[in-house]
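As a plain string of letters, each chain reads:
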Amino acid sequence: MENELLSLLNKNLLAVESSLIRKFDDEISKIPDIVKLTLGEPYFNTPDHIKVAGIKAIIDNQTHYAPNRGIAELREAISEYLRRHYAVSYDPQEQIIVTNGASEAISTAMNSFLGEGDVVLCPSPAFGLYRNLAKINGAKYIEVDTEDDKYKLTPEKLKTYLDEYQAAVKMLVLNYPNNPTGVSYSENEIKKLADVLEEYPVVVLSDEIYSELVYKKKHVSIASYLPEKTLLVNGVSKSYAMTGWRVGYLCGPKEIITNLAKLHHANVATIGTINMIAAAEGLSNGDADIKMMRAEYEKKRDFVCKWLRKIGYSFIAADGAFYIYIRLPLDFKGSSIDYARILAQSAHVAVIPGAAFATQDQKYFRISYATSDDKLTEAMKRLEKFVKGRQK
């Protein structure tokens, strides 16, 4: 009977592989005494004033269904936050949907726009969710290799791909700061990309979930240049250490959001009222929390980069997020999965292989430095010992 049911499943879904990040993390987590630098989970706990807002909501019996697009208090807080931080303007009633994390915002957008044969362009390497959602919808996922351009999409390369695939291109996915590289874009770079996109009938899915974790540059949303073509994705998970609260949001043009809200309604109906009240507190009164966490992450990044240079690893200079993308040693002939597995088994350090972020194996591995200083120090010592051992 099970095989009969499998034959009835969407064939596109059957072709999608489970998350390599989760699968690999589960595999190596069984190794005793392993130091994990794998998942993108903030090291901090949710700030107390946000937790108190959630607790108070429970005590005040604010535990009933919320409007499908989210409570008015949160949508207004999102609108004001985006205006204050990024100078972009969204009507809280008509241009914002509160989603089950940024992941649901992404899936709502991609499931609404994509169909069989459509083309999705995405700078590579990238988070695997975009690729999987494109496949599920029968769309053609085209990875734009950015390695030769310091891991940034250039206007010239973007135009080349848009001209090559022409009307078949339905969507461009941008994620910056990028997971896994931590690379971001300057205001001028974003403007130049927007100038190219202005000439093409393409929707821009801009995943800016790490926007508050940019260290030196000012984060600029492409929505400030292409408000009528951009679907802006963000949330509170990374910036306020609220991953378990599952609150994201999706913003865009009024008529588009009206239609995307139908799919959001069909999929999840609404988000937990308590969670939304807590998120509103963070967005309204949490600027100091962001500043503190960002400063700590920047220190961790600098600490890790100093160690990696000492060990002899080559890596991409990260502008933000909390990841470092590290090149495999040139003399290593295996895959990124092979190397990550050896690190786990021999050095007892867990990382994510670059194969998780592109169709063609990346000769890199990703570490997350969103962990304690003690764990980072121990992990670096173990990596140094491992590398020296291989050189003998």
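Draft legend 1. The arrangement of the pattern of salt bridges in detail. Summed over the entire model, instances satisfying the criterion amount to 26 salt bridges. Here aspartate 118 makes a salt bridge to lysine 170, at a shortest N to O gap of 3.0 Å. Residue aspartate 118 is found in the loop between helix H6 (101-113) and strand S3 (119-124), and its partner lysine 170 is found in strand S5 (residues 169-175); the two are separated by 52 residues along the sequence. Overall, lysine 170 belongs to the partly exposed group, its relative accessible area being 28%. A salt bridge links arginine 131 to glutamate 143, with the nearest nitrogen and oxygen atoms 3.7 Å apart. In this pair, arginine 131 is assigned in helix H7 (residues 128-136) and glutamate 143 in strand S4 (residues 140-145), connecting sequence segments twelve residues apart. A relative accessible area of 12% means that arginine 131 is categorised as buried. Taken together, the salt bridges that share partners define one network made up of Glu80, Arg83, Arg84 and Asp287.

Draft legend 2. Structural view of the pairing of strand S12 (residues 364-368). The element S12 is largely enclosed, with a buried count of five among its five residues. Both faces of S12 are covered, namely the face carrying Tyr364, Arg366 and Ser368 and the face carrying Phe365 and Ile367. Pairing of strand S9 (residues 323-327) with S12 involves five bridges; the strand directions are antiparallel. Looking at the pairing, tyrosine 325 lines up with arginine 366 of S12. Where strand S11 (residues 352-353) and S12 come together, two bridges link them in antiparallel fashion. Considered in S12, the bridge of proline 353 is made with phenylalanine 365.

Draft legend 3. Quick peek at the packing of aromatic side chains. Within the structure shown, the criterion is met by 16 aromatic pairs. Pairwise contacts between aromatic rings join Tyr43, Phe44, Tyr210, Tyr297, Phe322 and Tyr323 into one cluster. The residue whose ring lies beneath lysine 300 is tyrosine 43, and the NZ or CZ to ring-centre distance is 4.6 Å. The lysine or arginine in question, lysine 310, covers the ring of tryptophan 307, its NZ or CZ lying 4.5 Å from the ring centre.

Draft legend 4. The side chain of aspartate 207, seen in detail. Tracing the backbone shows aspartate 207 in strand S6 (residues 203-207). Buried and unpaired, aspartate 207 has no salt bridge, with lysine 238 as the nearest side chain of opposite charge at 9.1 Å. Here aspartate 207 is in contact with Ile106, Tyr130, Leu174, Asn175, Tyr176 and Val233, once residues within four sequence places are set aside.

Draft legend 5. Layout of helix H10 (residues 254-268). Helix length check: H10, at 15 residues, gives a terminal C-alpha distance of 21 Å against a target of 21 Å (1.5 Å per residue), a fit within 8%. Here H10 has its buried residues at Ile257, Leu260, Ala261 and His264. Along its buried surface, H10 packs onto strand S2 (96-99), H6, strand S7 (230-235) and strand S8 (248-251). Backbone geometry just downstream of H10 places alanine 269 in the positive-phi region, at approximately 65°.

The rules behind each value
- Residues numbered from 1 in each chain as written.
- Predicted model: local features only at pLDDT ≥ 70, side-chain atom pairs only at ≥ 80, totals over all residues.
- Heavy atoms only, no water.
- Salt bridge = Lys/Arg side-chain N within 4 Å of Asp/Glu carboxyl O.
- Helix = DSSP H or I, 4+ residues; strand = E, 2+ residues; numbered from the N terminus.
- Buried < 20%, exposed > 50% of the residue type's maximum accessible area, 1.4 Å probe, protein only.
- Pairing = 2+ DSSP bridges.
- Phe/Tyr/Trp six-rings, centres within 6.5 Å; stacked < 30°, edge-to-face > 60°.
- Lys NZ or Arg CZ within 6 Å of the ring centre and 35° of its normal.
- Lys, Arg positive; Asp, Glu negative; His and termini not counted.
- Contact = heavy atoms within 4.5 Å.
- Expected span 1.5 Å × (residues − 1).

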